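# Structural description and commentary
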Amino acid sequence: GLAGLVWSPVGSAIAWGLGLPLHLLMALVDFSNRQPASTLALGEISVLQVGVLYSLLALATLGRRLIALPIVWPTALIAAGLVVLVPAYQAAQTTQITVLAAGFDPVLVARHQGQTLLFNSGDNDTAFYTLLPHLRQAGINRIDWGVAPPLPRATGWPLVTAQVPVLTVQGAAAADPLPLGQSMTLGPTVVQSLGGETPLLRFTLAEQAWLWLPEPTAVLQQVLAQSEQFQSDVLWWNGEALVEEVLEAVQPRVAIASSRTLDGETADLMRSRQIELYWTAEDGAIHWRPETGFWGLANPAGVPNRRGLID
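In what follows, the accompanying structure is described. (Residues numbered from 1 in each chain as written. Predicted model: local features only at pLDDT ≥ 70, side-chain atom pairs only at ≥ 80, totals over all residues. Heavy atoms only, no water.)

Bringing the overall build of the chain into the picture now. Counting its secondary structure elements, the chain contains ten helices and 14 strands. When the 311 residues of the chain are sorted by exposure, 42% land in the buried category. Residue pairs at least 24 apart in sequence account for 46% of intrachain contacts in the chain once pairs closer than 6 positions are excluded. Accessible area for the chain stands at about 17100 Å²; split by element, carbon and sulfur atoms hold 61% of it. (Helix = DSSP H or I, 4+ residues; strand = E, 2+ residues; numbered from the N terminus. Buried < 20%, exposed > 50% of the residue type's maximum accessible area, 1.4 Å probe, protein only. Contact = heavy atoms within 4.5 Å. Areas by Shrake-Rupley, 256 points an atom, 1.4 Å probe, with all protein chains shown as cover.)

If you want it as C-alpha cells, here you go:
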C-alpha cells in the first residue's frame, strides 16, 4: 500500500508477489479444514481451569529457564487433559435439555451421558447463527439422533450435517419416518408420534414427558381436550392461544413458548393454574437439569420474570 502511494505499478507488483504465498496458505488451510476431525469443540471452561492453565504455563517457563528441568512436555500433557478430558467427563455425566431462543423455530437439544439428540434444525439462519454456535459452546462434536419434524422452515439440516456429524435422522422430513402411534427409543429419549396430519409428538427423557404442540388449531385443541392420553409434564408450543380444556387434559407443570409472541389470555390462564411459564423471546434459551430444574438464560433461577412467576 505504501509503495502504491509512491508509484502504483510498484505496489501492484509487490501485491502480485505476495499473492502467491497467500493463495498457497489459503489452499493449505482449506485442505486442513476438509480433513476428518480437523476441528474439535471443547465447550466452555471455568475460571478455575483458566487459572490452572496459566499456572502450568508459568511452571513450564520457570522450569525451563530457572530450574533447567524438562517439564514442558509433562505440563503440556496435563494442560491438554485439563482442556479435553475434564469437559469430556463432564459431558458424559450431564443430563440437560435446552430449548433454544430461535424466534419462531422450535429447536431443542437433549444431552444424556454423552449422547445428544437434536429436535429440528430451523431454517438456514437459525442453524448458522443459533444452533451451531450453541453446539460449539456446549462442546458437542456429534449428534447421535436427529428428529426432523415436517415443518416448512426446517431447511437447516444440510448446513448442520456439514458442520457436525449426525448419525441418524428420523422424522417426516427424513428417510426414516416416525411410526404413527408407536414409541421409538432414540438414544436417551423415547419419542412417540401422536398426530396424523398435525405433527404432534411426545418425548420422554429422565422420566419427564414433553408434549410438542406445533400449531394449536381449533380441531386439534378439541381432540386434545377430549382425551387423557396427552398428559405430560411439559407443554411446548408456539405461544398461540390455548383453551382451558387443553390445559385440563394435558395437566402440564411447565409450559414453554418458542415464539416471538405470546398470547396474553393464555399466559393469564396458566398463571391462574400455577403453571410455570417460560417464553424464549423474554427468557432466552430455556434449560433443564434434574438437579436444578428449569431456568432461562436471561432469567436466572429464583428471579421473578415479568409474568409474575418464579423460575
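Read on, since the account is not over.
Now for helix H5 (residues 124-137). Relative to the 20 Å expected for 14 residues at 1.5 Å per residue, H5 spans 19 Å between its end C-alpha atoms, a close match to the ideal helical length. The largest bend along H5 reaches roughly 30 degrees and is located at Leu-131, with the proline Pro-133 sitting one to four residues downstream. Residues of H5 that are buried include every one of Thr-126, Ala-127, Leu-131, Leu-132, His-134 and Leu-135, and no others. Packed against the buried residues of H5 are strand S1 (95-99), strand S2 (108-112), strand S3 (115-119), strand S4 (143-147) and helix H6 (157-163). A positive phi of about 70 degrees marks Gly-139, the residue just after H5. (Expected span 1.5 Å × (residues − 1). Bend = angle between axes of the 7 residues up to and from the residue.)

Next up on the list: the environment of Gly-1. With respect to the helices, strands and loops of the structure, Gly-1 is situated in the segment before helix H1 (2-6). Looking at Gly-1, the relative accessible area reads 90%, which means it is exposed.

Using the criterion set out here, one finds one cavity of 30 Å³ or more in the structure. Its boundaries defined by the atoms lining it, the largest cavity holds a volume of some 40 Å³. In terms of lining residues, the largest cavity is bounded by Leu-108, Leu-117, Phe-119, Val-147, Thr-189, Val-191 and Phe-203. For the lining of the largest cavity, the secondary-structure elements that each account for two or more residues are S3 and strand S7 (189-193). Tallied by class, the residues present in the lining of the largest cavity amount to six nonpolar, one polar and no charged. (1 Å grid on protein atoms, 1.4 Å probe; cavity = no way out; pocket = protein on both sides within 12 Å on 5 of 7 lines; lining within 4 Å. Points joined across faces, edges and corners; volume = space filled by probe spheres on them. Nonpolar A, V, L, I, M, F, W, Y, C, P; charged D, E, K, R; others polar.)

Further remarks concern the packing of aromatic side chains. Each aromatic ring pair is described using two quantities: the centre-to-centre distance and the angle formed by the ring planes. Under the defined criterion, the tally for this structure stands at eleven aromatic pairs. Ring centres of Phe-203 and Trp-236 lie 6.4 Å apart, and the angle between their planes is 85 degrees; on these two criteria the pair is classed as edge-to-face. Of this pair, Phe-203 sits in strand S8 (residues 201-205) while Trp-236 is found in strand S10 (residues 234-237), placing the two residues 33 residues apart along the sequence. Ring centres of Trp-210 and Trp-236 lie 6.5 Å apart, and the angle between their planes is 90 degrees; on these two criteria the pair is classed as edge-to-face. A residue pair is termed long-range when its members are at least 10 positions apart, and Trp-210 in strand S9 (residues 208-213) and Trp-236 in strand S10 qualify at 26 residues. This pair shows no difference in class: Trp-210 is buried, exactly as Trp-236 is. (Phe/Tyr/Trp six-rings, centres within 6.5 Å; stacked < 30°, edge-to-face > 60°.)

Moving on, we get to the pattern of salt bridges. Proximity of charged atoms lets side chains of opposite charge pair with each other. Taken as a whole and judged by the stated rule, the model has seven salt bridges. Taking the shortest distance from any N to any O, the salt bridge between Glu-244 and Arg-273 comes out at 3.5 Å. On the criterion of sequence distance, the pair formed by Glu-244 in helix H8 (residues 244-250) and Arg-273 in the loop between helix H9 (264-272) and strand S12 (276-279) is long-range, its members being 29 residues apart. Glu-244 sits in the partly exposed class, given a relative accessible area of 41%. Owing to a relative accessible area of 28%, Arg-273 belongs among the partly exposed residues under this scheme. For Glu-248, the salt bridge is made with Arg-273, and the minimal N-O distance between the two is 2.8 Å. Taken together, the residues span a long stretch of sequence, with Glu-248 in helix H8 and Arg-273 in the loop between H9 and S12 at a distance of 25 residues. Look at Glu-248 and you get partly exposed, because its relative accessible area is 43%. Salt bridges sharing common partners tie together Asp-105, Asp-123 and Arg-153. (Salt bridge = Lys/Arg side-chain N within 4 Å of Asp/Glu carboxyl O.)

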